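Coordinate inspection notes
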Amino acid sequence: MPVPPDDMICRFINPDRNTWNANLNRPTQRAFKQAGLSVWHQARLSEWNVALEDLLIVNLSGYGQAHHQVGDYLDLAKQVAQEEDIPCEVQVEWRPDEVSEPWWQWRYAHVQVEATAGPADFPLELRRLLAANARAIIPPAA
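Structure report, in brief. (Residues numbered from 1 in each chain as written. Predicted model: local features only at pLDDT ≥ 70, side-chain atom pairs only at ≥ 80, totals over all residues. Heavy atoms only, no water.)

**Re the overall build of the chain**
Along its length, the chain carries 3 helices and 8 strands. What you see in the chain, going N to C, is helices and strands ordered as β-β-β-β-α-β-α-β-β-α-β. Its C-alpha atoms give the chain a radius of gyration of 14 Å, within 12% of the compact-globule value 14 Å for 142 residues. Its C-alpha atoms put the chain at 40 × 40 × 25 Å along the principal axes. Buried positions account for 44% of the 142 residues belonging to the chain. For the chain, the exposed area adds up to about 7,500 Å²; of that, 47% sits on carbon and sulfur atoms. Put simply, the chain has 12 plus and 19 minus side-chain charges, and the middle of one group is 5 Å from the middle of the other. (Helix = DSSP H or I, 4+ residues; strand = E, 2+ residues; numbered from the N terminus. Rg over C-alpha atoms; globule rule 2.2 N^0.38 Å. Buried < 20%, exposed > 50% of the residue type's maximum accessible area, 1.4 Å probe, protein only. Areas by Shrake-Rupley, 256 points an atom, 1.4 Å probe, with all protein chains shown as cover. Lys, Arg positive; Asp, Glu negative; His and termini not counted. Charge placed at Lys NZ, Arg CZ, Asp CG, Glu CD.)

Structure, rendered in structure tokens:
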């Protein structure tokens, strides 16, 4: 089931894999490279009085955050498709069953962003736009 375009979602960013630019203090395009992006729905967590920081456990400890509206992913994909003349579409849907054990208690807020047209992973230009156009950025813990 699609997530509404005005809803805010958060992508956790690993600072140790060339996915965080320490000089600019923002994510790099590599933070959005994989085929299916696991993100978290902020309002659903908030409804249960859960802070995003509560999810920074196990291997997510110390990660940064990039916040977008769902519509940002959809609109930027359309922009890339037009400007680059390549197929580029994404789908943003609830995926509670694709959460591993340590985060299972928060599965109700898990969302997956997947390419539905074009290459399996997101085109470079889409990844650049996502990194540059986050609505909010929270740096990794020092």
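**What about the environment of Asp 16?**
With respect to the helices and strands, Asp 16 occurs in the loop between β1 (8-13) and β2 (20-21). Asp 16 sits in the exposed class, given a relative accessible area of 69%. C-alpha of Asp 16 to C-alpha of Glu 101: the two residues are 85 residues apart in sequence and 23 Å apart in space.

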